[in-house]
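Overview (structure and organization)
What follows is the residue order along each chain.
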Amino acid sequence: MKHFKCIGGCTWWALCVISLLLLWRTAECQIRYTIPEELKEGSVVGNIAKDLELDVSSISSRKLRIASESSKQYFTVDLAKGELVVNERIDRETLCGQTAACLLPLQIVIENPLQQHRVEVEIQDINDNAPQFHKKEIEITIPESIALGTRFPLENAEDPDVGSNSLNSYTLNKNEHFRLNVKTLNDGRKVPELILDKTLDREKQSVYKLTLKALDGGNPVKSGTALIQVHVQDTNDNAPKFDQTLYKATVKESAGIGQSVLTITATDLDEGLNGEVEYFFAEHTVDSVKATFGVNPQTGEVTVVGKLDYEDVKMYTFDVSAKDKGQPKLEGHSSVQIDIIDENDNEPEIKLTSLPSPVSENATLGTAVALINVKDRDSGDNGKVKLIVAPGYPFKLKPSFDNHYSLVTDSLLDREVNSEYDVKIIATDLGSPPLTTSKSVHVKIRDINDNRPEFTHASYDIYVRENNPAGASLFSVSATDKDESKNALLTYSIADTKFQDIPASSYFYINAENGTIYSMNSFDYEKLKLFQIVVQAKDQGSPSLSSNATVHVFILDQNDNVPVVIYPSASMGSVSHQRMPRSAKMGHLVTKVTAVDADSGHNAWISYRLAEATDSSLFAVNLYTGEVRTKRSVSEQDDASQRLLIEIKDNGEPVQSTTVTVDILIEDGLHEPVSDFRQKASEKDKKNSKITFYLILSLASVSVLSLLTFFILLIKCARSSRGGESCCIRRDSDGYKNPNRNLQIQLNTDGPIKYVEVLGGDMMSQSQSFGSYLSPMSEFSDLTMVKPSSTLDFKDTLRGLDASLPDSAWTFECQQVSTLCCDFFHEVKLLHHG
Ligand SMILES: *[C@@H]1O[C@H](CO)[C@@H](O)[C@H](O)[C@H]1NC(C)=O
Ligand SMILES: *[C@@H]1O[C@H](CO)[C@@H](O)[C@H](O)[C@H]1NC(C)=O
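Predicted model only: the values in this text are computed from it and were never measured.

To continue, consider the site of ligand 1. Residues in close proximity to ligand 1 include S476, N511, N514, T516 and Y518, which together make up its full environment. Contacts to ligand 1 include N511, whose side-chain N or O atom sits 3.1 Å from an oxygen atom. T516 is positioned with one of its side-chain polar atoms (N or O) 2.8 Å from a nitrogen atom of ligand 1. For ligand 1, the accessible surface in isolation is 360 Å², of which the surrounding protein chains cover 35%. Residue classes in the shell around ligand 1 are distributed as one nonpolar, four polar and no charged.

Glancing now at the packing of aromatic side chains. Tallying each qualifying case throughout the model produces 21 aromatic pairs. Here the aromatic rings of F455 and Y460 are separated by 6.4 Å at their centres, their planes lie at 80°, and the arrangement is edge-to-face. Each member of the pair, F455 as well as Y460, is classed as buried. Measuring from ring centre to ring centre gives 6.2 Å for F455 and Y492, while their planes differ by 55°; the resulting arrangement is tilted. On the criterion of sequence distance, the pair formed by F455 in strand β33 (residues 454-455) and Y492 in strand β37 (residues 490-494) is long-range, its members being 37 residues apart. Of the two residues, F455 and Y492, both sit in the buried class. Among the aromatic residues, those joined into a cluster by ring pairs are F499, Y507, F508, F523 and F531. The ring of Y310 carries K314 above its face, with NZ or CZ at 4.9 Å from the centroid. Cation over ring: K323 sits above F280, and NZ or CZ is 5.1 Å from the ring centre.

With respect to topology, four strands assemble into an open sheet ordered β17-β24-β23-β20, the strand pairing being mixed. Edge positions in the open sheet fall to β17 (246-252) and β20 (277-281), since each of these has one partner strand only. On average, each strand axis in the sheet is tilted by 30° relative to the strand beside it, whichever way the strands run. In terms of strand pairing, strand β23 (residues 315-324) meets strand β24 (residues 331-341) through nine bridges, oriented antiparallel. Its bridge partner being in β24, T317 is matched across the sheet by Q337.

A495, V534, Q536 and N548 make up every residue found near ligand 2. A distance of 2.3 Å separates an oxygen atom of ligand 2 from a polar atom in the side chain of N548. About the coverage of ligand 2: the protein hides 38% of its 360 Å² of free accessible area. For the shell around ligand 2, the class distribution of residues is two nonpolar, two polar and no charged.

Only one face of β37 is buried: it carries L490, Y492 and I494, and the other face, with T491 and S493, is open. As judged from the five bridges shared by β37 and strand β42 (residues 530-539), these two strands associate in the antiparallel manner. Considered in β42, the bridge of T491 is made with K538.

Evaluation of the coordinates by the stated rule reveals one disulfide. Covalent S-S linkage joins C96 and C102, the inter-sulfur distance amounting to 1.6 Å. One disulfide, between C96 and C102, carries an S-S torsion of 65° and so falls in the right-handed class. Each member of the pair, C96 together with C102, is buried.

Here we take up the environment of L413. You can see L413 is positioned in the loop between β30 (404-409) and β31 (420-429). Ignoring sequence-local partners within four residues, the contact set of L413 consists of V359, S360, E361, P394, F395, Y421 and I445.

Let us now look at a nonpolar patch on the surface. A surface patch of nonpolar side chains, amounting to about 280 Å² of accessible area, comprises V564, I566 and Y567. Here I566 is to be found in strand β44 (residues 564-567).

Moving on to the pairing of β24. Judged from the seven bridges that link them, β17 and β24 form a sheet pairing that is parallel. Among the inter-strand pairings, A249 is bridged to a residue of β24, identified as I338. Linkage of β23 to β24, two consecutive antiparallel strands, is achieved through a turn of six residues.

Further remarks concern unusual backbone geometry. For the bond from Q327 to P328, the omega torsion is 0°, close enough to zero to count as cis. Within the secondary structure layout, P328 lies in the loop between β23 and β24. Cis geometry marks the peptide bond from S542 to P543; its omega dihedral reads 0°. Tracing the backbone through its elements, the reader meets P543 in the loop between β42 and β43 (546-556). Positive phi is not limited to glycine here, since N403 has a value of about 65°. Along the polypeptide, N403 turns up in the loop between β29 (395-399) and β30. Non-glycine residue N467 carries a positive phi angle of around 65°. Looking at the element boundaries, N467 is found in the loop between β34 (459-465) and β35 (473-476). Looking at N467, the relative accessible area reads 42%, which means it is partly exposed.

Reading the values: the criteria
Residues numbered from 1 in each chain as written. Chains lettered and ligands numbered in written order. Predicted model: local features only at pLDDT ≥ 70, side-chain atom pairs only at ≥ 80, totals over all residues. Heavy atoms only, no water. Near = heavy atom within 4 Å. Polar contact = N/O pair within 3.5 Å; in protein donor to acceptor, adjacent residues only side chain to side chain. Areas by Shrake-Rupley, 256 points an atom, 1.4 Å probe, with all protein chains shown as cover. Nonpolar A, V, L, I, M, F, W, Y, C, P; charged D, E, K, R; others polar. Phe/Tyr/Trp six-rings, centres within 6.5 Å; stacked < 30°, edge-to-face > 60°. Buried < 20%, exposed > 50% of the residue type's maximum accessible area, 1.4 Å probe, protein only. Helix = DSSP H or I, 4+ residues; strand = E, 2+ residues; numbered from the N terminus. Lys NZ or Arg CZ within 6 Å of the ring centre and 35° of its normal. Pairing = 2+ DSSP bridges. Axes fitted to C-alpha atoms, helices over the stretch in contact; angles between N-to-C directions. Disulfide = S-S within 2.5 Å. Contact = heavy atoms within 4.5 Å. Patch = residues over 30% accessible without salt bridge, like charges linked within 9 Å, V, L, I, M, F, W, Y side chains within 5 Å. Salt bridge = Lys/Arg side-chain N within 4 Å of Asp/Glu carboxyl O.

Structure (structure tokens):
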């Protein structure tokens, strides 16, 4: 510890010599002590008393002391021992800094005698300081792309010690990327620097932690460390990368706008803007894709932005890119495939490949009418179509080849029932839910001449007055034909029959177009009473069809004939001469005027009347028989010559009349001719009564027959009225028109015949009708023959009669009842005419 020496530790003398040599000015020997710094207080530096060759015992009395120049008293003197002792901690670095030699000069003063000694204490350095960095943590930022070998200066460390104790070297912990280089500056400072040895990749390691150690040269070595944080600054050296090279997705074609389809994702290893990714369509993406889909730049979500239609585009493929926001931007690429899923969004479409052709109504089953094609733009089941004809049409569909059909007839057609059809065709696809369309196919049915013309009535009755003007329109017949156009275009004609050797065409003409019948001649009831003509209606079809109708033309009697006197003959002038005896009694038949009228019925109903007489009290004329009889006995005063003017009238409208003048010569004694006449008359009477007898007999038998028929019919009616066709007809006005009626007998409930009508059997040739009214009171001898003046009048008469009859009056019909009746009435008529 005590570590002092007289300079160099050499001998006193030697020291003195050196001192003398070097320091001329110093007369005395200079004492120097060398001590290390940082000694403990009380450490002895050296025995100063001894070194100054002073007596230890005297130093106290001589007041040895240290007169220090500095304020600090690092040393004191132990006066008892004469030792220089460390008083205070001595830090060399504080005293001398970096100066290599550190000397503390001390003035030692002693009194009695006053002496001054100079002592130097050299403070030796010890390694009491470690190297130190200003900052314990150093942060540096290095771009990752920086070149190899780039240097990064670091802060140097400092060590206040000097010499070998001062900073000696630096070390860096072992790492791959950096190495340390130490630069020595001009002033000797040692500065460390980092050199990049291996390229950095922020994406692998973004921060490096290095330890820099500064070492001094002391023993033991002291060191100081600093922590270096190297932040690797990102450069945009990574492109965004998609997680798939091809994205596949499906979307229904009904997807609405905004529907998400898929999300594309790209990652960028860089950080910050260099790692922020935005998504785009690739540069070359076609507009149609852009119009249909959108890419959200931020999220990468692909959404529907336009209308999808599987039928237009079944699949979309496009490229997408992801770009970062670095400078320059880097981008990655991928592809997207979106398959559109078909949905049943298209209705089937029915197309007529040929216009429907009209089909004949007699077409056989299976005749093709139209060709139909059906389409559905959807695919799969959605595009499969079932085609049917709506129920209720006589057509069906016959498939020909895929989706082609022919519409064919399925049953027999009748244009007259349905002239055209709007055939409803329904197409349904097999989608779910199925879609349906329908179409009407208009099919016209072509007419075939399969209907013959039909007259409104099977027969027509026309009543025409005789003496009608020629060329007058009589009647119109009309027929219809259910066919159409030419097949229904009718022409009318009259069949060429003959009436009394004269062809029908000379009597009648028919308008071929509308069936109006005209008379070609004036008719004479007295010649022909009934025409039965056959009218034919014929269509223009090919072959044509025709129908016949019978037209009965009844000629109605007109009072166009004047009664003609047939007896007495008035050929010689207009006066007939008769003779009678003067002896004639009252009621003597003078003569009988007989006249006939060519007309019929009322028009032929003749009455006789005495118009003028020389002596009207003598003669009377029977109104009905025309017998001229005396009213009283002839007397002698009566003139021999008498003249009678007898008027003969018919019952027509207007009345036709004629007269006959009868001159009567009353002769005296005339007998023979009278008896003759009488005999003749009685013979006639006999004959008359005989006929009357037959008449009664006939009528009685007819009555019995009628009653019998009546009961048979009654029983028959009673039976058949429960569902059969009635055989007895309640009398109606039409009954009178029926020309087939041959005999009508009307009976009152209480028995006697009231009215008998007999129509001639052969209508064409004979056509005679007779009617008779019988009053229940009347006797058979009073039977009056009535010929209808006209059928109309006749009907009126009957109607009047009808009114007077009880309700239960019945009409019976007897078809073809014996010619007996007819003959009988002929006779009656003849009788009447006398
Ligand atoms: C038929 O035609 C003629 C001449 O054109 C005409 O006078 C007549 O009135 C027509 N008849 C009918 C029923 O139309
Ligand atoms: C119509 O009458 C004519 C002449 O009488 C005859 O030739 C024809 O066969 C008849 N037609 C019919 C359908 O009865």
